[in-house]
Amino acid sequence: MLGQIGLGIIIGSTLYFNDNVVISREIIGGKKLAPYERTVNHQERVTKDGHRFADVKTPITTIPFVKNHEFNYAKLISWMGPGAEKYTFILYILIVIVIITAVSNGANLTDGLDGLATGVSAVIGVCLGIFAYVSGNIQFAEYLNIMYIPNLGELSIFIAAFVGACVGFLWYNAYPAQVFMGDTGSLALGGIIASIAIIVRKELLIPIFCGVFLIENLSVVLQVSYFKYTKKKYGEGRRIFKMSPLHHHYQKLGYHESKIAVRFWIVTIICAAVSIATLKMR
Amino acid sequence: MLYYLFNYLKSLNFSGSGMFQFITFRVTMALLLSLAISLLLGKRIVKYLQRKQIGETIRDLGLAGENSKKGTPTMGGLIILSSILIPTLLFAQIKTVYIWLMLLCTVWLGLIGFLDDYIKVFKKIKKDLLVSLKCSDR
């Protein structure tokens, strides 16, 4: 837990303050930048149809399903007063910490059946790889009308290694498992997925493509809080699920564990396909 | 790191070294290499972990097939970590901020998880040792 917070602080502050973390944004006329934004190098990139782009440092993220709208974290804080936007980094770092902790915790909970967390992470990895490649490729980004993030193509190499590692590990981890990944693997998988999602600025899509991690997390939270609530109210604890996390609930219902694992992969494939579709569908 | 090597070779007009300019080529190579590492190295790591008896403690949940999982070694995350780190170091431009950030993330969380696992396993081995000592006393 403390380690995840530390990592969140490092990643959040690097993404916020490092001059190499920029996005390319169109400049319309003499539109001025907000006080918390700045251009990094003053070179402009002009496309064939005369649009001008510049590299801007700004804490924004993509909103799914909406065209040409990006969410700026500074807007969350600007109501506090005119000077408050300078302190956006505190909010940003907090959000990064929450995301990293939640996703790596979700991966840790999901790692309960043979091949479950590994397969789910591999599918999510493919989805993130597509995001990283199209956001880092100028032609694709222009065609899809999404944020162009310079140098992001390199990240797709890392993601390829990540997917390969997951699939290779699945070779040994598939039912019946010869080896478990343990916390060594599950924390790292979750943390990597969360960090990449933040870097490619698709963190608002996490509830969709990490849907399995989310429901596993939610099932535990619901189960525990409902149990405590009913214990206080009726004197005895009641349960929503037969057992949490969710995959054990299905195991109690009598499904075979490899069936549950494969079905969870299929759910993840659907989630990933939906979130990839948001690139064009908006 | 191979990126820089092949960039240098390209400046000497070494044929074929221009391939490393293409991200798609390096993506494919990284994917294949990480698969190769996890499959080949994985077997050794699994055997090593089995020998060391680093088994996961299975919670007693009353589920089917639970006992058959006893003795399966844990810490297989080492396979994942090594097959992420090596291809990335070889094929990506490490100077890019995103790459070193992700490398840091992998190593950091891997280390924390490893310590977690290690403490769990160590405690279990200690407990088993105590149990066996007590038994022999009788």
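As shown above, the structure is provided for reference.
Residues numbered from 1 in each chain as written. Chains lettered and ligands numbered in written order. Predicted model: local features only at pLDDT ≥ 70, side-chain atom pairs only at ≥ 80, totals over all residues. Heavy atoms only, no water.

### Things to note about helix H1 (residues 2-11) of chain B
Residues and elements named next belong to chain B. What counts is decided by this rule: Note on exposure labels: buried denotes an accessible area under 20% of the residue type's maximum, exposed denotes more than 50%, and partly exposed covers the range between, all computed with a 1.4 Å probe on protein chains only. Strands here are runs of E lasting at least two residues and helices are runs of H or I lasting at least four, both read from the DSSP assignment and numbered beginning at the N terminus. To be clear, the arc concerns the directions from the helix axis to the C-beta atoms. The contact rule is simple, with two residues in contact once any of their heavy atoms fall within 4.5 Å.
Tyr 3, Phe 6 and Leu 9 are the residues of H1 that are buried. Take H1 and look down its axis: the buried residues cluster within an arc of 125°, on one side only. In H1, the exposed residues that point more than 90 degrees away from the buried face are Tyr 8 and Ser 11. Residues of H1 that are buried in the fold lie against helix H2 (23-52) and helix H3 (77-91). One or two steps after H1, the chain reaches Asn 13, where phi turns positive at roughly 65°.

### What to know about the interface of chain B and chain A
The following threshold applies: A quick way to say it: buried area is the sum, across both parts, of accessible area lost when two parts are put together, with a 1.4 Å probe. The salt bridge criterion pairs a side-chain nitrogen of Lys or Arg with a carboxyl oxygen of Asp or Glu, the two atoms within 4 Å. Here a polar contact is recorded for every N or O atom pair within 3.5 Å, except that within protein the pair must consist of a potential hydrogen donor and a potential acceptor, and residues adjacent in sequence are included only if both atoms are side-chain atoms.
Taken together, the contact between chain B and chain A spans 60 residues of the former and 59 residues of the latter. Of all residues in chain B, B:Tyr98, B:Met102 and B:Leu109 give up the largest surface area on contact with chain A, accounting jointly for 16% of the area buried on that side. Applying the counting rule to chain B against chain A returns two salt bridges. The shortest N-O distance in the salt bridge between B:Lys120 and A:Asp183 comes to 3.4 Å. Inspection of the chain B/chain A interface yields 15 residue pairs in polar contact (both at pLDDT 80 or more).

### A short note on unusual backbone geometry
Among all residues save glycine, negative phi is the norm, and among peptide bonds the norm is trans. Of the consecutive residues A:Tyr175 and A:Pro176, the connecting peptide bond is found in the cis state with omega at -10°. Even without glycine at this site, A:Asn145 takes up a positive phi of about 60°. The residue A:Asn145 is located in the loop between helix H4 (138-144) and helix H5 (153-173) in this model. Judged by its relative accessible area of 38%, A:Asn145 falls in the partly exposed class. Backbone geometry places B:Met75, a non-glycine residue, at a positive phi of 65°. Position of B:Met75 among the secondary structure elements: in the loop between H2 and H3.

### Re a nonpolar patch on the surface
Residues and elements named next belong to chain A. Convention followed: The patches reported here contain residues having more than 30% relative accessible area and no salt bridge. Joining distances are 9 Å for like charges and 5 Å for nonpolar side chains (Val, Leu, Ile, Met, Phe, Trp, Tyr). Areas reported here follow the Shrake-Rupley algorithm with a probe of radius 1.4 Å; residue values treat only the protein chains shown as occluding.
Where nonpolar side chains cluster on the molecular surface, the patch consists of Phe 65, Val 262, Ile 266, Ile 270, Val 274 and Met 281 and spans about 520 Å² of accessible area. Structurally, Ile 266 can be placed in helix H10 (residues 257-277). For Ile 266, a relative accessible area of 45% corresponds to the partly exposed category.

### Some words on H5(A)
Selection criterion: A helix is expected to span 1.5 Å multiplied by its residue count minus one.
Between its first and last C-alpha atoms H5(A) spans 30 Å; for 21 residues at 1.5 Å apiece the expected length is 30 Å, and the two agree. Most of H5(A) sits out of view: 19 of its 21 residues are buried.

### Focus: the pattern of salt bridges
Taken as a whole, this structure holds three salt bridges over all chains when the rule is applied. One salt bridge in this structure joins A:Glu154 and B:Arg26, with 3.0 Å as the shortest N-O distance. Of this pair, A:Glu154 sits in helix H5 while B:Arg26 sits in helix H2, placing the two residues on different chains. A relative accessible area of 4% places A:Glu154 in the buried class.

### Remarks on the packing of aromatic side chains
The condition that has to hold: In summary, the pairing rule links any two rings of Phe, Tyr or Trp, Trp by its six-membered ring, whose centres are within 6.5 Å, and it sorts them by plane angle into stacked for under 30 degrees, edge-to-face for over 60 and tilted for everything else.
One pass over the structure, following the stated rule, counts nine aromatic pairs over all chains. Relative to A:Tyr255, the ring of A:Tyr250 has its centre 6.0 Å away and its plane inclined at 75°; by these criteria the two rings are edge-to-face. For A:Tyr250, a relative accessible area of 29% corresponds to the partly exposed category. Among the residues examined, A:Tyr255 registers a relative accessible area of 38% and is labelled partly exposed. For the pair B:Phe114 and B:Tyr118, a centre-to-centre distance of 6.1 Å together with 25° between the ring planes defines the contact as stacked. Within this pair, B:Phe114 and its partner B:Tyr118 are both found in helix H4 (residues 97-137), separated by four residues, close to a single helical turn. Residue B:Phe114 is classed as partly exposed on the basis of its relative accessible area, which comes to 28%.

### Brief notes about the state of the cysteines
All names here are of chain A. Going by this rule: Put simply, a disulfide is two cysteine sulfurs that come within 2.5 Å.
Under the counting rule described, the total for this entry stands at zero disulfides over all chains. Here Cys 127 is not disulfide-linked; the sulfur of Cys 210 is the nearest cysteine sulfur, at 8.5 Å. What makes Cys 127 buried here is its relative accessible area of 1%. Among the cysteines around Cys 166, which has no disulfide bond, Cys 210 carries the closest sulfur, lying 12 Å off.

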